Structure formats: C-alpha cells, structure tokens
Amino acid sequence: MINLAPHISVKNLNVYIGDAHILKNISIDIPDKKVTSFIGPSGCGKTTLLKTFNRLLDRQNDVRIEGQVLVDGEDLYGKDTEVTHIRKKMGLLSQRPFPLPMSIYDNIAYGPRIHGIKNKKKLNELVEHHLRSTALWDEVKDRLHSPATRLSIGQQQRLCLARGLAVEPEIILGDEPTSALDPVSTQRIEELFLQLKDKYTLVLVTHILRQARRVSDYIAFIYMGEIIEFGLTEELLLNPKEQLTKDYIKGFIS
Amino acid sequence: MNIRIVKDKAVKNIFLLLTVSSVLLVVLIFIGLYYKSVPILHSTSLSHLLFSSEWKPSKAQFGFAAFIAGTLWVTLIAIVIALPLSLLCAIYLSQYAPRRLTRFLNPLIDLLSGIPPVVYGVWGVLVVVPFIQEHVAPHFVEYSSGYSVLAGGVVLAIMIFPLIINILGEVFANVPKELSEASLSIGATQWQTIKYVLLKKSRPGIVAAVVLAISRAFGETIAVLMVCGNIPESPHSVFDSCYPLPALIANNYGEMMSVPLYDSALMFAALILFVIIFLFNAGSRIILNRLERRMN
Ligand SMILES: Nc1ncnc2c1ncn2[C@@H]1O[C@H](COP(=O)(O)OP(=O)(O)O)[C@@H](O)[C@H]1O
Ligand SMILES: [Mg+2]
C-alpha cells in the first residue's frame, strides 16, 4: 500500500502488561521523512505503541514485548541492542512538557553535553540555533540562565522540542504534544511540525482528528490495541474502508 | 442556622484549637525547662556553662562543653556514615532493583526501624565496641576501650539508616517518571539521568531527609548511652569515649535531687538540647525554602 522506504518498521508486535494483551499483532511501516499520526480512542494503546519505539516501555514492571521493531533496519529488541543510541535518534514530546530542573540554556545543552560536547562556544551556538528553530530565541534570549520552569506551558513544550532536536535525532515522537496547550501554542507547535518534516520522520499521537488532518501525511487508526486501518491522510479520513474507522471518524466511537 | 454549617465551623475551630495547643506545648516545654534552669543560670555565667568542660557536680562546677561536643560528634559521625550509604541504597531500590527484590527488601527496612533502640545498644556493646577495640582503633591510636564516639556514631547510623531510606524513597517516587524519561529519551544513561535529573530535582527532599535524621540522632539516648563510654571529657579522636547530653540526663536523673543545683543543671542540659534542635530545624527550614525557591 505504501511504497516508501520505512524508517521504523514494526513486525508482529505484541505487548502484554501483566495479564492484559495491550497491543495485538501490530505491523506497520512508518515512512521516512513524513508525518505519520496515530489516532484512536483513549486507552486503545497509542502511548504504549509510541513507547515501544524508544524502549521506554520496557522500563515498566510486568511488561512483555514480543515481535520486532526495526529502526534503520536495526532490531530495537535484539539481544545486544544498546538503547541509548537508539533513544538519541528520537526526540520525544510528552503530553505535558517536562523541562529538566535546570536553566533554559542547560535544558538545551543537556543532550549535547551528555554526548560529549564541552566546547563553550559550540554549546552557545547549538543553544541559539535550536532556540531559533523553535521560535523561542527572541522570547528567552535575555533570561537563558533562569529556570526553565518559569516559562509558560507553550514555551516549555517548544523548549522540550528544542531540547530533543539538540542531539540531532532522525525521528520525533509526539504523544498528544498539544493536549495541555492553548490554541495559539498548539498552532505554533503544529507549524513547527510542518517545518520539521523535511528533515525528520515525525510520529504523532493525537486524538484530535482535525490536527491529524492538518499535519499528517499518513494516519493509522488504532482500536483496542489493533491497527484497523493505515493510509494516506485524505484517503483514510474521506474514504475509510473499515466500518470501525468510519464510525470513529463520524464520532460514533470515542 | 443550618446544622451543616454549624458543624463545619465547629470542626474548623476544633482543628485550630488542636493545632494551637500542639504549638503551645512546645512553648510550654521551653518555658518549663527555662524556669527550672534559672538557679544554675544565676550561679554560673552562661558562657562558662557552655564553654567550660569542668564537670564536678559535687563542687558545684558545671561546664557542659564536653557534653555538647559529645552530642555533636556522635551525630556528625552518624550522618557521615549513614547518608552516603542510604542515598545509594535508596537510589538502587527506587531506580534499579527489580520489583521482586523491593517487595522483599522494603518490609525488612521497615522492620529495621521498628527494632527498639535498646536492642541496637546491646548489639553495639556485643559487636561494635569489641570490633572497634580490637580491629579498628589499634591502627590509629595506642589504646581505646571501644566505647567511643565511633561506636556511638556507627550504632546511631544504623538506627537512622531506615529512616533516611524511607524518606528518600518517597522523595524519589515523587519525581515524575516523565522527567526521567525526558532525560533518557535524549540518550542519557540511567546513571546520568540519576545524577543530573533525579538527584537535582530531589535536592530539597534530600535536605529534608537529612534534617529529620539529624534531629532524630540528636535525641537518641539509650543505644548511644550504652556504647559511648560516658566519660565527661571532650573527645580528642573518634576512638575516645564521650558523653552526649541525652545520656547525661538519662544516667543522672535518679540522683539529681541529692546534689545541690544538680537538678537545675540537668534541666539546663535538656534546654541546651532543645535549643540545638530548634536552631538546627530553623536553619534547615531556611535552607530548604531557598532551595525550593531557586528550583521554581
Ligand atoms: N502500567 C499499566 N498497567 C496496566 N495497564 C496499563 C498500563 N499502562 C497502560 N495500560 C493499559 O493499556 C491500554 C493502553 O493504554 P495507552 O497506551 O496509554 O492508551 P492511549 O495512549 O491510546 O490512551 C489501556 O487500556 C491501559 O489501561
Ligand atoms: Mg496516551
């Protein structure tokens, strides 16, 4: 159906938490340098699926994961897969912004420092560059060294995006990244996504259909832990093939 | 008037009353101790009481410096031993240990804090004191009976260990897991995340844990009394005996009426302890406030 080179390739993925079968035989190829959205009612497993991509899910207790997730062809759940370099490849935006307990500057410099950049000038450049690319620079350039928690929620979310970009990821994962934001901040984040999709593969979880429509190239509809339908945005929204998808889009399931 | 609203008002006032009376109790204890200390404060100058270590009750010589030094030394040693260990232990339990292990270990740690102090004291006398006398002290000093600042510090450290672990466990559990995930998702290792995010975010909580532990350590009596040697001289090394304030009070409470001014001196000892703990808590409150303000 989709003939682009996949960036993330999920094969027969099953996730169990305790005795509950949360994700059921998921297979999906997420195309490179496109925006792919996961939609579906809450509790259907969107967050869980996203967390299997950067190996954050298996930090929880009682989680069993079967199947494969390939990123650039490398199996994330292989025996001797090293997780930090995989996570570095993926920026993560969570439902609420979580700035690290440090200054605005240090939030952005955190990743580069962790990965060994010590040069002051280089760090300054990186911080400025990423604050500019998330349209924060003008708003915060005079208070780079004040705590990041003093920013507004919208600014914090853009800071978290900049923090993720600073380690030069290939993929950006967003788990309902605008659900805590006001409409203006939401719009700015959406604009940023549209700018970013030339350079990054974006995977977005959202329960707002209009948002999925505005930003994504592809949509996957998930219901009760299964992928019901996956296709081009317009096709899936305007011309769904499955009855469940139709019902969801019409608002019968939520 | 509606009975509901009357009840609401009554409850509110009762709670206010309870709160006020608990604060009042502290004030009353202070006043009581002060009142009882007046005779000795009249007979000896305050600076002599605090800075002299002449202790000859029968000759009406009351200098508390040795006891104050003993209290501070034992507490300091206890914290120096207990803090790093319990910090590492709490980090392991909350960040690394599989749940099967914590399920088994947490009740054990709780058990540890439920053991009566006198049991720790006996264990100190049977194990810690001889060990220090035979295996530790000979490397550093010519002679030590083993009944020493170090023995008191070790026993006290073990007693406050579960307290600090429990509080730190709570503190770490209160750090949102998304914050750690944010750090991990950038490619930080678990240890980097602990160092730069978890510990940083928890700093006020760690300070609070230490404060509580120290307050507890200041006042601990029986276990320390059993292993410190109780010699009223300022210790010159951790292998010397010492005589902390609570031990002084507990040991001499029975005979305090037989020597003039002795009862007043012991009340003054209690007052010193009270003031140390009060100042210490006030000081740490200020530090805590500052830390919290800097973080938000
Ligand atoms: N730690 C957990 N323990 C048990 N069940 C969980 C846990 N986390 C998630 N679940 C269950 O997994 C399902 C999917 O959750 P989630 O992925 O968060 O859904 P979504 O993000 O689509 O709202 C839900 O039914 C939820 O109850
Ligand atoms: Mg979710």
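All values reported here derive from a predicted model rather than from experimental measurement.

Asker: Please clarify how the layout of surface pockets should be interpreted in this entry.
Answerer: Regions of empty space are outlined by a rolling probe, equal in size to a water molecule, passed over the atoms. Residue and element names in this part refer to chain B. Quantified by volume, the largest pocket comes out at close to 840 Å³. Among the elements of the structure, α3 (65-96), α4 (99-114), α6 (149-173), α7 (177-185) and α8 (190-201) are those that each provide at least two residues to the lining of the largest pocket. Residue classes in the lining of the largest pocket are distributed as 11 nonpolar, 10 polar and five charged.

Asker: How should I be thinking about the nonpolar core in this particular structure?
Answerer: One broad rule of soluble globular proteins: the nonpolar side chains tend to lie buried together. Of all hydrophobic cores here, the largest spans 79 residues; its most connected members are B:F64, B:F172 and B:L245. With residues up to four places along the chain from it excluded, the contact list for B:F172 reads B:L87, B:A90, B:I91, B:S94, B:Q95, B:L198, B:L199 and B:S202. Ranked by size, the runner-up nonpolar core spans 32 residues in total, among them A:I26, A:L50, A:L56 and A:M90.

Asker: What is the right way to look at the packing of α8(B) against helix α9 (residues 203-219) of chain B in this model?
Answerer: Helix-helix packing: each pair is described by the crossing angle between the helix axes and the interaxial distance. Residues and elements named next belong to chain B. Taken N-terminus to C-terminus, the directions of α8 and α9 make an angle of 60°; their axes are 4 Å apart at the nearest point. Taken as axis vectors, α8 and α9 run oblique relative to one another. Listed contacts from α9 to L199, K200 and K201 of α8 are R203, P204 and I206. Looking at the contact of α8 with α9 residue by residue, the class counts come to three nonpolar, no polar and three charged.

Asker: Explain the packing of α3(B) against α8(B) to me, please; I cannot follow it from the model alone.
Answerer: All names here are of chain B. Where α3 contacts α8, the axes come no closer than 12 Å and their chain directions differ by 115°. Classified by the angle between their axes, α3 and α8 sit roughly perpendicular to one another. Crossing angle aside, the handedness with which α3 passes α8 is right-handed. Residues I91, Q95 and Y96 of α3 form the contact with α8, whose own contacting residues are Q190, W191, I194, L198 and L199. Residue composition of the contact of α3 with α8, grouped by class: six nonpolar, two polar and no charged.

Asker: I'm lost on the site of ligand 1 in this one. Help?
Answerer: Residues and elements named next belong to chain A. In the vicinity of ligand 1, the contacting residues are I17, I22, S42, G43, C44, G45, K46, T47, T48 and Q60. At a separation of 2.5 Å, an oxygen atom of ligand 1 approaches a polar side-chain atom of T47. A distance of 2.5 Å is found between an oxygen atom of ligand 1 and a side-chain nitrogen or oxygen belonging to T48. Relative to its unbound accessible surface of 560 Å², ligand 1 loses 58% to contact with the protein. Of all the elements, helix α1 (residues 46-53) adds the most residues to the shell around ligand 1, at three residues. Taken together, the residues of the shell around ligand 1 sort by class into three nonpolar, six polar and one charged.

Asker: I'm lost on helix α6 (residues 153-165) of chain A in this one. Help?
Answerer: In an α-helix, one turn spans 3.6 residues, which is why side chains three or four residues apart end up on the same side. Residue and element names in this part refer to chain A. For α6, spanning 13 residues, the distance from its first C-alpha to its last is 18 Å, which sits close to the expected 18 Å at 1.5 Å a residue. With 12 of 13 residues buried, α6 lies mostly within the body of the structure. All of the buried residues in α6 are G154, Q155, Q156, Q157, R158, L159, C160, L161, A162, R163, G164 and L165.

Asker: Got a minute to help me understand the pattern of salt bridges in this structure?
Answerer: Pairs may arise between side chains of opposite charge once their charged atoms sit close together. Residues and elements named next belong to chain A. One pass over the structure, following the stated rule, counts 17 salt bridges over all chains. Residue D58 pairs with R55 through a salt bridge whose shortest N-O separation is 2.8 Å. Salt bridges linked by common partners bring E139, R158 and R188 together as one network.

Definitions and cut-offs
Per-chain numbering applies: the sequence of each chain, read as written, is numbered from 1 onward. To read the labels, note that chains go from A and ligands from 1, taken in the order they are written. Local features in this predicted model are restricted to residues of pLDDT 70 or higher, and side-chain atom pairs are both shown and tallied only at a pLDDT of 80 or more, whereas totals for entire chains, interfaces and linings draw on every residue. Working from all heavy atoms in the structure, the side-chain values ignore hydrogens and water. Grid points spaced at 1 Å over the protein atoms alone were grouped into cavities, where a 1.4 Å probe fits but cannot get out, and pockets, open sets with protein on both sides within 12 Å along at least five of seven lines, with lining residues defined by an atom within 4 Å of a point. Grid points are joined across faces, edges and corners, and a volume is the space filled by probe spheres set on the points. Going along the chain from the N terminus, every DSSP run of H or I of four or more residues is numbered as a helix, and every run of E of two or more is numbered as a strand. For this classification, Asp, Glu, Lys and Arg are treated as charged, while Ala, Val, Leu, Ile, Met, Phe, Trp, Tyr, Cys and Pro are nonpolar and the rest, including Gly, are polar. Throughout this description, the term nonpolar core refers to a set of buried Ala, Val, Leu, Ile, Met, Phe, Trp, Tyr and Cys residues connected via side-chain atoms within 4.5 Å. Summary of the burial criterion: residues with accessible area below 20% of their type's maximum are buried, those above 50% are exposed, and those between are partly exposed, where the area comes from a 1.4 Å probe applied to protein chains only. It only takes one pair of heavy atoms within 4.5 Å for two residues to be counted as in contact. With axes taken as lines fitted to C-alpha atoms, and helix axes fitted only over the stretch in contact, angles between N-to-C directions fall between 0 and 180 degrees. By definition in this entry, angles of less than 35 degrees are roughly parallel, angles greater than 145 are roughly antiparallel, angles of 65 to 115 are roughly perpendicular, and the rest are oblique. For any helix crossing, the convention is left-handed if the near helix is rotated counterclockwise from the far helix by under a right angle, and right-handed if that rotation is clockwise. Only a single heavy atom is needed: when it lies within 4 Å of a molecule or strand, its residue is near that molecule or strand. Pairing of N or O atoms within 3.5 Å defines a polar contact, subject to two protein rules: one partner must be a possible hydrogen donor and the other a possible acceptor, and residues neighboring in sequence count only if both atoms are side-chain atoms. Areas reported as accessible are Shrake-Rupley estimates using a 1.4 Å probe. Residue values count occlusion only from the protein chains shown. By definition here, a helix of n residues has an expected span of 1.5 Å times n minus one. A side-chain nitrogen of Lys or Arg and a carboxyl oxygen of Asp or Glu constitute a salt bridge if their distance falls within 4 Å.

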